[in-house]
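# Fold and geometry: a report
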Amino acid sequence: MPLYLSPSQNHRFLMDQMQPALAYDGGPLRPWQNKLRRKLRQLIGFPDVERPALKVRTLGKQQHELGSIEKIAFPAEARSDILAYFCVPHDLQPPYPLMICLQGHSTGMHNSIARDIEDETQPIEVAGDRDFALGAMRHGFAALCIEQRSFGYRGEKVQEKRAAHQCHDAVMQALMLGRTLAGERVFDVDRGLDYLESRGDVDMKRVGVMGNSGGGTISVYSAALLDRIQFAMPSCGFCTYRDSIMSIYHCGDNYVPGILQWAEAADVIGLFAPKPLVIVTGKTDPIFPLKGVRKAFRDVQTIYEAADARDRCALVVGPEGHRFYEELGWKKLLQLLEK
């Protein structure tokens, strides 16, 4: 008789036995969405805090060949400030359609404008089409690039003893406070929406969210939880939990305590139906494998079908690995936005 000594053996057994209590079962869509959204908000530890006055500060401005870029700061909550770039293409007239852009691990928001983090006047090469703001401007959209907590400029710099992994300390501390880092990042997107609404020159009926990897993950949760988001394009951050983050080592910022008791990934993004959704993935992505992505997307299609909106969700598969595919993704998104 074999001995089962690895924790993953037991966890996979438990996962195989588990039937998520709020997985979509084909019933009326809106009551199911409302119920799961309330549960997801609880599971992710979405901060229920007083929102300070925005008091937006301009930290710098520059002109790019594609348009203007303004670096700004505003408070998320009492002791957490958001850094962002607000980017507008030349000749784009208000009210602006806009894409919120979120970077992933080992990157920062400076990649969205292809500038050096130490000297933002210096251009850099950005691999994998991760210059999200420039891509948005190339396609006629303004952009708000939010620096996510624990990435880039918002990495931990005060705590004396820090983990080697950039997110680890924030993940663990958030859990002790009844939060998750993912929930805090979604809250920052919501505060970004507060800022956009306050400007008066953004078309709030045409505001979307996108990101790759860790940015793709937060794009999924933001789309699921934040009503003001009107379209979404998560990249390399959507797959069945079983085939992705439950099968390999990954950063703790991907994990939501107890979520598999209630829902799978398709159920989460199904909360966004019937709004336009483009899921981008890579054919050889080892983190979010294509087989699991296709399975989850089939379940998403079922939910969109129930919303009479099957033609408003799409899966785009790029020819390489864990990266964004600008032309493929934007081409499909613009098609969906025309419907």
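Heads up: these notes are all about the structure in this document. What you see as residue numbers is a count from 1 along each chain, following the sequence as written. Only residues with pLDDT of at least 70 get local features here, since the model is predicted, and only at 80 or more are side-chain atom pairs given and counted; chain-wide, interface and lining totals rely on the full set of residues. Side-chain metrics rest on all non-hydrogen atoms present in the structure, leaving aside hydrogens and water.

Where helices and strands are cited, they refer to DSSP runs of H or I of at least four residues and of E of at least two residues respectively, numbered from the N terminus. Along the backbone of the chain there are nine helices and nine strands. In summary, the chain has a C-alpha radius of gyration of 19 Å against a globular reference of 20 Å for 339 residues, a match within 12%. For the chain, the spread of C-alpha atoms along the principal axes amounts to about 65 × 55 × 40 Å. Categorising residues by exposure relies on relative accessible area from a 1.4 Å probe, with only protein chains included: less than 20% of the type maximum marks a residue as buried, more than 50% marks it as exposed, and the intermediate range marks it as partly exposed. Counting the 339 residues in the chain, one finds 57% classified as buried. Whether two residues touch is decided by their heavy atoms; if any such pair falls within 4.5 Å, the residues are in contact. Partitioning the contacts of the chain with sequence separation of at least 6, the portion at a separation of at least 24 is 72%. Total accessible area computed for the chain in this model is approximately 15700 Å², and 51% of it derives from carbon and sulfur atoms. Atoms counted for the radius of gyration: C-alpha only. Globule rule: 2.2 Å times the number of residues to the power 0.38. Only the protein chains shown count as cover for residues, with accessible areas throughout obtained via the Shrake-Rupley method and a probe of 1.4 Å.

Glancing now at the packing of aromatic side chains. Two aromatic rings from Phe, Tyr or Trp, using only the six-membered ring of Trp, form a pair when their centres are within 6.5 Å; if the ring planes differ by under 30 degrees the pair is stacked, by over 60 it is edge-to-face, and anything between is tilted. A full pass over the atoms with the stated rule returns seven aromatic pairs. Between the aromatic rings of F74 and Y195, the centroid separation amounts to 5.3 Å while the plane-to-plane angle is 15°, which identifies the pairing as stacked. Of the two residues, F74 is situated in strand β2 (residues 67-77) and Y195 in helix α5 (residues 181-199); the sequence distance between them amounts to 121 residues. The pair F74 / Y195 is uniform in exposure class, with both members buried. Between F141 and W330, the ring centres sit 5.1 Å apart and the planes meet at 55°, which makes this aromatic pair tilted.

Between its first and last C-alpha atoms helix α2 (residues 29-43) spans 21 Å; for 15 residues at 1.5 Å apiece the expected length is 21 Å, and the two agree. Within the sequence span of α2, burial applies to L29, W32, Q33, L36, R37, K39, L40 and L43. Its buried side turned inward, α2 meets α6 (214-225), α7 (265-270) and α8 (290-306). Positive phi shows up at G45, right after α2, with a value of about 65°. Multiplying 1.5 Å by the helix residue count minus one yields the expected span of that helix.

A separate point is the side chain of K71. By secondary structure assignment, the location of K71 is in strand β2. Dropping the residues within four chain positions of it, K71 is found in contact with R57, T58, L59, G60, A84, Y85, M109, E120 and Y153.

Whenever Lys or Arg places a side-chain nitrogen within 4 Å of a carboxyl oxygen from Asp or Glu, that contact is recorded as a salt bridge. Evaluated as defined, the whole model comprises 23 salt bridges. In this structure, the salt-bridge partner of R228 is E197, at a minimum N-O distance of 2.9 Å. In this pair, R228 is assigned in the loop between α6 and β7 (231-235) and E197 in helix α5, connecting sequence segments 31 residues apart. Classification of E197 as partly exposed rests on a relative accessible area of 46%.

Okay, the packing of α5 against α6 next. Here, axes are lines fitted to C-alpha atoms. For helices the fit covers the stretch in contact, and angles between N-to-C directions go from 0 to 180 degrees. Interhelical geometry of α5 versus α6 gives an angle of 65° and a closest axis separation of 9 Å. Considering how the two elements wind past one another, α5 and α6 form a crossing that is right-handed. From α5, A182, R185, V186 and V189 reach across to α6, where they touch I218, Y221, S222 and L225. Should the near helix be turned counterclockwise from the far one by less than a right angle, the crossing is left-handed, whereas a clockwise turn marks it as right-handed.

Two cysteine sulfur atoms make up a disulfide if the distance between them is within 2.5 Å. Tallied over the entire structure, the rule returns zero disulfides. Here C313 stays unpaired: no disulfide links it, and the sulfur of C239, its closest cysteine neighbor, is 16 Å away.

Below, the discussion takes up the sheet that holds strand β3 (residues 80-89). Ordered by their spatial adjacency, nine strands build an open sheet running β1-β2-β3-β5-β4-β6-β7-β8-β9, and the pairing between neighbours is mixed. Both outer strands of the open sheet, β1 (57-64) and β9 (313-318), are each paired with one neighbouring strand and no more. Going across the sheet, the axis of each strand differs from the next one's by a mean of 20°, ignoring polarity. A pair of strands is labelled paired if DSSP reports no fewer than 2 bridges between them. Direction of pairing for strand β4 (residues 96-102) relative to strand β5 (residues 142-146): parallel, over a ladder of five bridges. In the strand pairing of β5, I100 is matched with L144. This element, α5, spans β2, β3, β4, β5 and β6 (202-212) of the sheet and lies at about 120° to β2. Strands β4, β6 and β7 of the sheet are contacted by α6, whose axis makes an angle of about 140° with β6.

Summarising the element assignment, H322 is placed in the loop between β9 and α9 (326-337). Whenever two N or O atoms come within 3.5 Å, that pair is a polar contact, provided that in protein one can donate a hydrogen and the other can accept it, and provided that, for residues adjacent in sequence, both atoms are side-chain atoms. At 2.8 Å, the side chain of H322 and the side chain of S213 are in polar contact. Setting aside its immediate chain neighbours within four residues, H322 contacts R130, N212, S213, C236, D285, I287 and F288.

Now for unusual backbone geometry. With an omega dihedral of 0°, the bond running from P94 to P95 counts as a cis peptide bond. Relative to the elements of secondary structure, P95 occurs in the loop between β3 and β4. A cis geometry characterises the amide bond from A273 onward to P274, with omega recorded as 10°. Its place among the elements puts P274 in the loop between α7 and β8 (277-282). Residue K55 is not a glycine yet carries a positive backbone phi of 45°. Structurally, K55 is set in the loop between α2 and β1. Of note in this structure, S213 is not a glycine but carries a positive phi near 60°. Inspection of the secondary structure assignment puts S213 in the loop between β6 and α6.

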